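Structural overview
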Amino acid sequence: MKMSAEEISQVLKEGELEKRSDNLLQFWKRKTCVLTTDSLNIYADTQKRSKGKELKLQSIKKVDCVERTGKFVYFTIVTTDNKEIDFRCSGEENCWNAVITMALIDFQNRKAIQDFKTRQDNESASPGQQERRMARAP
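This one's a predicted model, so the numbers in the text were calculated from it and none came from an experiment. (Residues numbered from 1 in each chain as written. Predicted model: local features only at pLDDT ≥ 70, side-chain atom pairs only at ≥ 80, totals over all residues. Heavy atoms only, no water.)

Here we take up the nonpolar core. Core analysis: the largest hydrophobic core is formed by 20 residues, its most contacted members being Leu17, Leu40, Phe75, Ile77, Phe87, Trp96 and Ile100. Residue assignment for this core shows that the elements contributing at least two residues are strand S2 (28-36), strand S3 (39-43), strand S5 (60-68), strand S6 (72-79), strand S7 (84-90) and helix H2 (96-125). Here this core gets 5 residues from one element, more than from any other, and that element is H2. (Core = buried A, V, L, I, M, F, W, Y, C linked by side-chain atoms within 4.5 Å. Buried < 20%, exposed > 50% of the residue type's maximum accessible area, 1.4 Å probe, protein only. Helix = DSSP H or I, 4+ residues; strand = E, 2+ residues; numbered from the N terminus.)

Moving on: the pairing of S2. The pairing of strand S1 (residues 11-20) with S2 spans 9 bridges and is antiparallel. Residue pairing for S2: Leu17 is matched across the bridge by Lys31. Across 4 bridges, S2 lies against S3 in antiparallel orientation. Residue pairing in the sheet places Val34 in a bridge with Asn41 of S3. (Pairing = 2+ DSSP bridges.)

Here the focus is the packing of aromatic side chains. Scanning all chains against the criterion turns up 3 aromatic pairs. A ring pair is formed by Phe72 and Tyr74, whose centres lie 6.1 Å apart and whose planes are at 65°; its orientation type is edge-to-face. Assessed through its relative accessible area of 13%, Phe72 is described here as buried. Tyr74 gets classed as partly exposed once you look at its relative accessible area, which sits at 22%. For the ring pair Phe75 and Phe87, a centre distance of 5.6 Å and an interplane angle of 20° mean the geometry is stacked. On the criterion of sequence distance, the pair formed by Phe75 in strand S6 and Phe87 in strand S7 is long-range, its members being 12 residues apart. Both residues of the pair, Phe75 and Phe87, belong to the buried class. What links up through ring pairs into an aromatic cluster is the set Trp28, Phe72 and Tyr74. Here Lys13 stacks its cationic end above the ring of Trp96, 5.3 Å away from the centre of that ring. (Phe/Tyr/Trp six-rings, centres within 6.5 Å; stacked < 30°, edge-to-face > 60°. Lys NZ or Arg CZ within 6 Å of the ring centre and 35° of its normal.)

Now the structure itself:
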């Protein structure tokens, strides 16, 4: 399944999100985030958008630990190497956790379809497979 460059870089959500720092005091730092169909880009500077970190959806296992308080929604992104990244967003208008979860599900579905089609193409490319399949048919 080939995707055009336009589909790959389609922006799903853009705005501010707070990320908990990894240091001992664990301060919340405001970041500008851009969620596309294949990654979550996190920028420290809202104007320059340089030195950003890209978290590919293929490296995200799940969005976990959603908790709502009066002002914020807290959630954790768990990566495939079991690293946890904590985020929070204001609860009224920003539902980053839901949008990231839906983007992850969409990405995983597209990947599953692509893997299935690749497997199907590989099976149809080898003539021995077709003959064996026909031999098993009633």
